[in-house]
Amino acid sequence: MDLAGTAPTGVSPVGARPARRPHLRRIRSLARAHEHHLWVAGGRAAALVPLVALALTMVVLAWKAWPAARVNGLHFLVASTWKPGSTYGAVTRTDGVAHPVGASYGAWPVIAGTLESSLIAIVIAVPVSIGAAFALTERLGGWLAGVLRTAIEILAGVPSVIIGLWGALTLGPLLANDVYPVIARNMPDLPALRFFKGPVGHGEGLATSGIVLALMIIPIIASTTRTLFAQVPALPKEGGEALGMTDWEVSRRITMPWVRAGIVGAAVLGLARALGETIAVAMVSGSLLNTVAPNLYGTMGTIAATLVTQLDSAFVDGTGFEVRTLAELAVVLVVVLLLVNTAARLIVRRAGGIAAPVGTGA
Amino acid sequence: MSSRRRRIADWAFRVFTVAALVAVVGPVLWVAGGVVARAIPHWRWTVLTTTTNGASGGLLNAILGTLVLMAGVLAIAGTVGVLGGVYLAELAGTGRRGRPRGGVLRSATEVLAGVPSIALGLVGYLALVVQFHWGFSLLAALLVLSVMVVPYIARGTETALRQVPTAYREGAEALGMPTGYALRTVVLRSAVPGIVNSLLIALAISGGETAPLLYTAGWYTGTPKAALFHQPIGYLTYPVWTFWDYPSNQAHYLAFDAALILLVLVLLLLVAARLVVNRSQRHAEVRQR
């Protein structure tokens, strides 16, 4: 596009066109004369929206969660019970907060499940993403690299409910039939490796959740890592090759150190996404509330998945206490995610302002 | 280190990178192929023309509902996100030491992008659906979805504007254009492909979301009504999420059909977004010559 084509030939925009109705013309010329102010006013209002939305989100969650937090106490973070209590009328009060008799909530199993499944996801996703990014930037070129890059971007955009459907119907049963039994059988029977042994279940559980999460965060980490690798200048790499270094040595000693901080930042961004992922995990985890998974294959739950699966049954609680407890759970998740995201951005900023994608890699 | 060991390490590394690439790209094909393979054998075209009846029937209500939601998100989040991005890139000005201002606003946008969608959905439910007595409603769903995608659009717009050459702004100023007029006709026009790209991606995200809609939009088996309040609305992710583990084949087929339609819709949007960027890049190369 060239400038001459876009600007009106008369240059001066005010009164460039003879208007038939004078009052309309005056309004138009006024608007044009003050167009800058209109842009600033509208832009300032719009730029404030995320700040206001963020503040309102925090306020609403805290306001709903506070009574539950007072009743549940700090105990909430370490206890392993999820009992709504008697929902047939018997209501009691603790510190002035109404709740059903026998209500007792502890979130440790879902907190542990969130951390474990995200840890598995990161352990799988980081090396795979780095390897794929290497293959894309250093090995392949031309149209094939373009096609594969697009495929990764598309994976980032596939709705999580579809990945969950595939995980629950295809991947989970496949792993439970053909992969988990092999691992469980061949793992040496040492106390340290107990976690990998035992019953393998039917494909819903910790390991499947971790693998599905890995699949969902790979696009984020891989596309950021690929951008980073592409920014490494060619001269040091060529120097390394001239000294007789192999590809592996060039990658390990020159390329990786160059972008290490950026990769750590990308991995932490991926971790944040894994911690907050809801629907896909709810479909493949087994949605357990009361127990920490006994081994790698056991059914479990995560905070985000619990929010979406329990809200329906929480309506049954006439005192609204279970809904408040879910809000408290949401506060825990949001606070953890804010810390993780902030850490990621600080790392990325330190790495020299490398532009990491906001959320998905698309 | 012996040269033999070095060679083996190098070979292992090469194999690993290619295997990693396969591990990344393979699942894309597997997921897409899996959805197609489950949906096609039982596909009926009446799915597109009839509404849901219990856990069987068609998906017309869900398709129209998703399109209505997308249009609403485009109107609300599109306006807010583009204006916000324009402000951050062009109008916030520079503060002391020549640093761009608006740091707090930009940080808030990034933090908001990190809040999980289920938390936003829960807030929408607690505040809009219950406290404001809106009930499951179109407006509650639109506001939650918009808050969710505004950061993407604002970020995309800001990035697109920052890539417009400074010479364009200087040229416009030298021609005596008023600032606002130059912004609209010269700077923004050059950034249109980048902005459209971020809008299309935002539409793909909002079309594929489930968690924030379950407790704000509810679910409705009739075609969407022209009402903002007290009227739930259907959407394509609901049948997948709800019907996939129902104990009936009809329900399963409906879930697979919904997944296929959703996948096609989202892929079309993502490919369109890609094409817009590719075309603009071709333009950019021509321009530089």
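Here is what the cut-offs are and how they apply
- Residues numbered from 1 in each chain as written.
- Chains lettered and ligands numbered in written order.
- Predicted model: local features only at pLDDT ≥ 70, side-chain atom pairs only at ≥ 80, totals over all residues.
- Heavy atoms only, no water.
- Phe/Tyr/Trp six-rings, centres within 6.5 Å; stacked < 30°, edge-to-face > 60°.
- Lys NZ or Arg CZ within 6 Å of the ring centre and 35° of its normal.
- Domains from an automatic or database assignment.
- Contact = heavy atoms within 4.5 Å.
- Buried area = accessible area lost by both parts, 1.4 Å probe.
- Salt bridge = Lys/Arg side-chain N within 4 Å of Asp/Glu carboxyl O.
- Polar contact = N/O pair within 3.5 Å; in protein donor to acceptor, adjacent residues only side chain to side chain.
- Nonpolar A, V, L, I, M, F, W, Y, C, P; charged D, E, K, R; others polar.
- Helix = DSSP H or I, 4+ residues; strand = E, 2+ residues; numbered from the N terminus.
- Buried < 20%, exposed > 50% of the residue type's maximum accessible area, 1.4 Å probe, protein only.
- Axes fitted to C-alpha atoms, helices over the stretch in contact; angles between N-to-C directions.
- Parallel < 35°, antiparallel > 145°, perpendicular 65-115°, else oblique.
- Patch = residues over 30% accessible without salt bridge, like charges linked within 9 Å, V, L, I, M, F, W, Y side chains within 5 Å.
- Areas by Shrake-Rupley, 256 points an atom, 1.4 Å probe, with all protein chains shown as cover.
- Expected span 1.5 Å × (residues − 1).
- Bend = angle between axes of the 7 residues up to and from the residue.

**Looking at the packing of aromatic side chains**
All chains considered together, the criterion is met by 16 aromatic pairs over all chains. Three or more aromatic residues joined by ring pairs form one cluster here, namely Trp-219, Tyr-235, Tyr-238, Phe-243 and Tyr-246 of chain B. Its guanidinium or amino end placed over the ring of Trp-63 of chain A, Lys-64 of chain A lies 5.1 Å from that ring's centre, counting from NZ or CZ.

**So, the domain arrangement of chain B**
All names here are of chain B. Parsing chain B into structural domains produces domain 1 (1-42) and domain 2 (49-288). Counting from both sides, the interface comprises seven residues of domain 1 and, opposite them, six residues of domain 2. With both chains or domains summed, domain 1 and domain 2 bury close to 620 Å², and 81% of this area falls on carbon and sulfur atoms. Three residues stand out in domain 1 for area buried against domain 2, namely Val-35, Ala-39 and His-42, and they jointly supply 62% of the buried area on that side. Seen at the junction of domain 1 and domain 2, the total is zero salt bridges. Linking domain 1 to domain 2 there are one residue pair in polar contact (both at pLDDT 80 or more). A breakdown of the residues in the side of domain 1 that touches domain 2 according to their chemical character gives five nonpolar, one polar and one charged.

**A word on unusual backbone geometry**
Residue and element names in this part refer to chain B. Not every positive phi belongs to a glycine, and His-133 is a case in point at roughly 60°. Topologically, His-133 is positioned in the loop between α4 (117-131) and α5 (138-162). We classify His-133 as exposed; its relative accessible area is 60%. Residues other than glycine seldom take positive phi values, yet His-230 does so here, at roughly 55°. Here His-230 is to be found in the loop between α8 (211-214) and α9 (237-243). A relative accessible area of 56% means that His-230 is categorised as exposed.

**Some remarks on the packing of helix α3 (residues 35-72) of chain A against helix α7 (residues 179-208) of chain B**
In the contact formed by α3 of chain A and α7 of chain B, the axes pass within 6 Å of each other and the chain directions differ by 70°. In terms of axis orientation, α3 of chain A runs roughly perpendicular to α7 of chain B. Residues Glu-35, His-36 and Trp-39 of chain A of α3 of chain A pack against Thr-179, Gly-180, Tyr-181, Leu-183, Arg-184 and Leu-188 of chain B of α7 of chain B. Split into classes, the residues belonging to the contact of α3 of chain A with α7 of chain B amount to four nonpolar, three polar and two charged.

**A look at a nonpolar patch on the surface**
Taken together, the side chains of Leu-48, Leu-51, Val-52 and Leu-56 of chain A together with Val-104 of chain B present a nonpolar region at the surface, about 420 Å² in accessible area. In terms of residue count, α3 of chain A provides more of the nonpolar patch than any other element does, four residues in total. Following the sequence through the fold, Leu-48 of chain A ends up in helix α3. Given a relative accessible area of 38%, Leu-48 of chain A falls into the partly exposed group.

**Some points on the environment of Leu-88 of chain B**
All names here are of chain B. Relative to the helices and strands, Leu-88 resides in helix α2 (residues 60-91). Residue classification places Leu-88 among the buried residues on the basis of a relative accessible area of 5%. In sequence terms Leu-88 and Arg-184 are 96 residues apart; their C-alpha atoms lie 15 Å from each other. Setting aside anything within four residues of it in sequence, one finds Leu-88 in contact with Gly-102, Leu-105, Arg-106, Glu-158 and Arg-162.

**Side note on α4 of chain B**
All names here are of chain B. With 15 residues, α4 extends 20 Å from end C-alpha to end C-alpha; this agrees with the ideal 21 Å at 1.5 Å per step. Along its length, α4 shows its largest kink, about 30°, at Tyr-125. When you tally the buried positions in α4, you get 13 out of 15 residues, the bulk of the element. One or two positions beyond α4, positive phi appears at His-133, with a value near 60°.

**Structural notes on the pattern of salt bridges**
Across all of its chains, the model carries ten salt bridges over all chains by this definition. Note that Asp-10 of chain B and Arg-14 of chain B form a salt bridge whose closest N and O atoms lie 3.2 Å from each other. In this pair, Asp-10 of chain B and Arg-14 of chain B are both assigned in helix α1 (residues 3-39), four residues apart and thus about one turn of the helix distant. By relative accessible area, which is 10% here, Asp-10 of chain B ends up buried. In this structure, Arg-162 of chain B engages Glu-158 of chain B in a salt bridge whose closest nitrogen and oxygen atoms are separated by 3.0 Å. Separated by four residues within a single helix, Arg-162 of chain B and Glu-158 of chain B lie in helix α5, roughly one turn from each other. Among the residues examined, Arg-162 of chain B registers a relative accessible area of 45% and is labelled partly exposed. Judged by relative accessible area, which is 7%, Glu-158 of chain B ranks as buried. Look at the salt bridges and you will find they share partners, linking Asp-247 of chain A together with Asp-10 and Arg-14 of chain B into a network.

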